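Chain by chain, the residues:
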Amino acid sequence: MRKDQVHGTMKATVRYSILGTVRAQRGDTELEPGPPKRLALLALLLLRAPGTLPLHEAVDLLWDTEPPASAVNVVHRHIGALRRTLEPELRTRSAAQHLVRAADGYRLAVDVTTSDLLHFRDLRSQAQLAVRSGDPAEGAALFLDALRLWRSPVVAAGSYLARHPLFTSVGHEYVAAVKDAADTVLTAAPALTEEILAMLRQAVEQHPFDEGLHSRIIASLAATGRQADALRQFEAIRRALADELGVDPGPGLRAAQQHLLRPRAVPESGAPAPRFRQGTGPGTGLGTGPGTIPAQLPADPASFAGRREVLAQCLELLPLEGEDRPPTMTAVICGMPGVGKTTLAVHWAHQVADRFPDGQVYVDMQGYHPSRSPLAPGQAMREVLDALGVRPRRTHTGAAGLGSLYRSALAGRQLLIVLDNAYDCEQVRPLLPGTPGCLALVTSRRRLEGLAVTDNARVITLDPMTSEEGLELLDRRLGTDRIRADFQAARELVDLCGGLPLALAVSSARALLNPTFPLSCLAARLRENRDTLTVFAGHDALTDARSVFSRSYDALGPGAADLFRLLSLHPSRDITTAAAASLTGRPLRTTREEIAELADHHLLVEQVPGRFTCHDLLRTYASELSAAHDTHQARSDARARMFEHYLYSADAATALIAPHRGSIILPPPRPGVLPQRFSRRTDAAEWIVAERYVLPALVEGITHHPSVETFRRQLMRTLEVGLQPSAR
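Summary of the structure given here. The model shown is predicted, which means the values in this text are computed figures rather than measured ones. By convention here, each chain's residues receive numbers from 1 onward along its written sequence. Per-residue local features are limited, in this predicted model, to residues with pLDDT of at least 70; the limit for side-chain atom pairs, both in listing and counting, is 80 or more; totals at the level of whole chains, interfaces and linings are taken over all residues. Each side-chain value is worked out from all heavy atoms of the structure, with water and hydrogens disregarded.

Take the overall build of the protein chain next. Secondary structure elements follow DSSP: runs of H or I no shorter than four residues count as helices, runs of E no shorter than two count as strands, and numbering proceeds from the N terminus. Along its length, the protein chain carries 31 helices and 14 strands. Each residue is placed in one exposure class: buried if its accessible area under a 1.4 Å probe, protein chains only, is under 20% of its type's maximum, exposed if it is over 50%, and partly exposed if it falls in between. A buried classification covers 52% of the 728 residues belonging to the protein chain. Two residues qualify as a contact provided that any one of their heavy atoms is within 4.5 Å of a heavy atom in the partner residue. Taking all contacts inside the protein chain whose residues are at least 6 apart in sequence as the whole, residues at least 24 apart take part in 70%. With the model as given, the accessible surface of the protein chain reaches about 33600 Å², and the carbon-plus-sulfur share is 52%. Exposure was quantified through the Shrake-Rupley algorithm and a 1.4 Å probe, taking into account, for residues, occlusion by the shown protein chains and nothing else.

Here it is as structure tokens:
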């Protein structure tokens, strides 16, 4: 081959296949990725594309057990070898065009023309759009074009990769596409019935207990006049469900059978075949006999108040009338301890219970229970299966067997599953429904943003109540007459409780125990004890504020716990990352990680970009902890670093805004102080405005610092300069 021919081959487009065997081709030349781990890495890059494959995920994939110390280096070497395979003429990795380094991992540069998976997804999206736009025949053709790209119904079948969540989720995409295609073909393109029937049979080989697939096979056989074959298909799956799982067919399959047995006129030529939908009545799914419909929701809270905006967001999770698919199958309600997550979830679940005719299952995941350990995913699965009347057999041992039974039990149902008080993503991820019809409603103190990434979950953050919502809650608990009799005291009560439903409920209970006491007495007691949580203390660990807060604090790492305690020394509710770093004396990067951890547990909230706020009652709790656990010297040093942070930040801001005023000679900052830096006058002015309440408090609070007068003069000078209209 001539040199120019070789060069042309090197420049040819590389195309990738993953829908079946993982392959890479440059032009007509098959590329050899290398050993199994390298092939697995290429497969995972393709599944993540066009996004980034994080390095830690690559390590987790390549080693089932504890990875060796050299794991990261091994991944780098495999990446380098893949680069050389994809771009043999590449001289430096910085010039790579196919496999490039990203911020936290690696990314394979592919699109719908070079990746069969992306092509499949694109065709499927086009098909769905065509159906919604009123052209189901075009949609049917596009669905089949997408499914023809699959050479096997399961990615990496037969290998250990098939167990990886990313690979199984793509397999579920295939099954969902086959079902959509069957529904569309049977209603709008009967000439394609034989082809979709073959695809349904291929899919059911990998998912033998998926009732939706079997129902559509029965419908397809009936549509082509093979009633006897359709009845045999029903009988075969009925026996399999009984022998393997010990359950009866769900209503979807029973409806398909009844349709076959019902006398009907011969349809006119070209008339659409009947369409079967799953989960349209009570008892849908596996293992539920007549009347086995769980209704496990706790009582709807009688004093529920407010939350109208959040309830509206929750209602958006349900499909509109006539829609087959919900916008998501998982919703997460998260927020700080005591903010009312469970109350909201239970109330909303009662409101929409009639939308889930197969029942409502409630599981306390015990993520932050005062005396019990978090529930293991397997135990939670067993609770759901028990509620559905499904009994695991000896064959359903281990996580894989139990998970398979769980998914089969949920398939075809319309079920609401409330997973309350979850600890983290891994605890609830195995319990999330994989097929439309079911909705999992999760509550957690943590953000669980990982579920939004992997499971398309809708994450809703629940904030403390507004003043009006808090007053409505007091009205529900104490009665309108008592609120009207002392309205200003009631409003102050809401403010002193920080709008936190737990604190409001405790205060209401105290008021009910003393019905002759005016609310002003209770408000005065809270006002006089603002520096302690004693007024919200009790013997019940579920309602004692300290106990409730402690379960979030105890879940923190040492660094984040230190920062949380020291935040109580800061004179304002909100703080920047640089100020927090100076407070602890730790590097900025470490502080960012600690702030992220506190935010994940909702002990801090980023209400304004770059500024993190701590709820007043949490600050009180942090102050109690700091007084008990931090030495006098540690607290004194933290205060000094904080003062110096603002002093040197103010000096830098003033130098930009009013350089003509000269400057005060400042002593060198102590170690650990990280002043704010400004590149523009506007940035400096905005910082001063943002800190306009902090700086005066610091001026008043400086008493024991050796340079106290210098500090005061500089901070006051900064306020005078920065708050002038011309400075902004």
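Here the narrative resumes.
Attention now goes to the packing of aromatic side chains. Working definition: a ring pair exists when centres of Phe, Tyr or Trp rings (six-membered ring for Trp) sit within 6.5 Å. Plane angles under 30 degrees give stacked, over 60 give edge-to-face, the rest tilted. Considering all chains together, one arrives at nine aromatic pairs under this definition. Plain terms: the ring middles of Phe 120 and Trp 150 are 5.5 Å apart, the flat faces sit at 80° to each other, and that makes the pair edge-to-face. Separated by 30 residues along the polypeptide, Phe 120 in helix H5 (residues 116-132) and Trp 150 in the loop between helix H6 (136-147) and helix H7 (165-188) bring together distant segments of the chain. When sorted by exposure, Phe 120 lands in the same class as Trp 150, which is buried. Site record: aromatic cluster; members linked through ring pairs are Phe 549, Tyr 553, Phe 564 and Tyr 621. Positioned above the aromatic ring of Tyr 423 is the side chain of Arg 446, whose terminal nitrogen or guanidinium carbon lies 5.5 Å from the ring centre. Definition used: whenever NZ (Lys) or CZ (Arg) falls within 6 Å of the ring centre and also within 35 degrees of the ring normal, the charge is taken to sit over that ring.

This part is about the pattern of salt bridges. Any Lys or Arg side-chain nitrogen found within 4 Å of a carboxyl oxygen on Asp or Glu counts as a salt bridge. For the coordinates displayed, the defined rule picks out 28 salt bridges. Notably, a salt bridge pairs Arg 226 with Glu 194, separated by 2.5 Å at the nearest N-O pair. Of the two residues, Arg 226 is situated in the loop between helix H9 (211-223) and helix H10 (227-245) and Glu 194 in helix H8 (residues 193-206); the sequence distance between them amounts to 32 residues. Judged by relative accessible area, Arg 226 falls into the partly exposed class, the value being 26%. Take Glu 194: its relative accessible area is 45%, and that puts it in the partly exposed class. A single salt-bridge network, built from bridges that share partners, covers Asp 562, Arg 565, Arg 586, Glu 594 and Asp 630.

Looking now at helix H22 (residues 519-528). Those residues of H22 lying buried are Leu 519, Leu 522, Ala 523, Ala 524 and Leu 526. Lining the buried residues of H22 we find helix H18 (467-478), helix H19 (480-485), helix H20 (487-496) and helix H21 (501-513).

This next bit is on the pairing of strand S8 (residues 360-364). Of all five residues making up S8, four are buried, and the element is well covered by its neighbours. Strands were regarded as paired on the criterion that DSSP finds at least two bridges between them. In this structure, S8 lies alongside strand S9 (residues 416-422), joined through five bridges in parallel fashion. Paired with Tyr 362 across the strands is Val 418, a residue of S9.

Gaps left between atoms show up when a probe the size of a water molecule is rolled over them. Only protein atoms enter the calculation, which uses a 1 Å grid: trapped sets of points that fit a 1.4 Å probe without letting it out are cavities, open sets showing protein on both sides within 12 Å along at least five of seven lines are pockets, and any residue with an atom within 4 Å of a point is a lining residue. Grid points are joined across faces, edges and corners, and a volume is the space filled by probe spheres set on the points. The volume enclosed by the second largest pocket comes to roughly 950 Å³. Gly 340, Lys 341, Thr 342, Thr 343 and Leu 542 are the residues nearest the centre of the second largest pocket, which is lined by 35 residues in total. At the level of secondary structure, the elements contributing two or more residues to the lining of the second largest pocket comprise helix H13 (341-351), S8, S9, H18, H21 and helix H23 (545-553). If one sorts the elements of the lining of the second largest pocket by residue count, H13 sits on top with five residues. All residues other than Ala, Val, Leu, Ile, Met, Phe, Trp, Tyr, Cys, Pro, Asp, Glu, Lys and Arg, Gly among them, are scored as polar; the first ten of these are nonpolar and the last four charged. Of the residues belonging to the lining of the second largest pocket, the class tally is 19 nonpolar, nine polar and seven charged.

Take the buried residues of types Ala, Val, Leu, Ile, Met, Phe, Trp, Tyr and Cys, join any two whose side-chain atoms come within 4.5 Å, and each joined set is a nonpolar core. Counting residues in each nonpolar core, the largest one holds 109 residues, and the members touching the most others are Tyr 16, Leu 45, Val 75, Leu 108, Leu 147 and Leu 419. Look past the residues within four positions of Leu 108 in its chain and what remains in contact with it is Tyr 16, Leu 42, Leu 45, Leu 46, Ala 49, Leu 86, His 98 and Leu 99. Grouped together as the second largest cluster of nonpolar side chains are 92 residues, Trp 348, Met 465, Ala 503 and Phe 564 included.

Moving on, we get to the packing of H8 against H9. Across the interface, H8 lies against H9 with an axial gap of 10 Å and an inter-helix angle of 150°. Taken together, H8 and H9 sit at an angle that is classed as roughly antiparallel. In this structure, H8 meets H9 at a crossing whose hand is left-handed. Across the interface between the two elements, Thr 193, Ile 196, Leu 197, Leu 200, Arg 201, Ala 203 and Val 204 from H8 touch Leu 213, His 214, Arg 216, Ile 217, Ser 220 and Leu 221 from H9. All axes are obtained by fitting lines to C-alpha atoms, using only the stretch in contact for helices, and the reported angles, taken between N-to-C directions, cover 0 to 180 degrees. Angles below 35 degrees are treated as roughly parallel, those above 145 as roughly antiparallel, those between 65 and 115 as roughly perpendicular, and all remaining angles as oblique. We call a crossing left-handed when the near helix sits turned anticlockwise from the far one by less than a right angle, and right-handed when that turn is clockwise.

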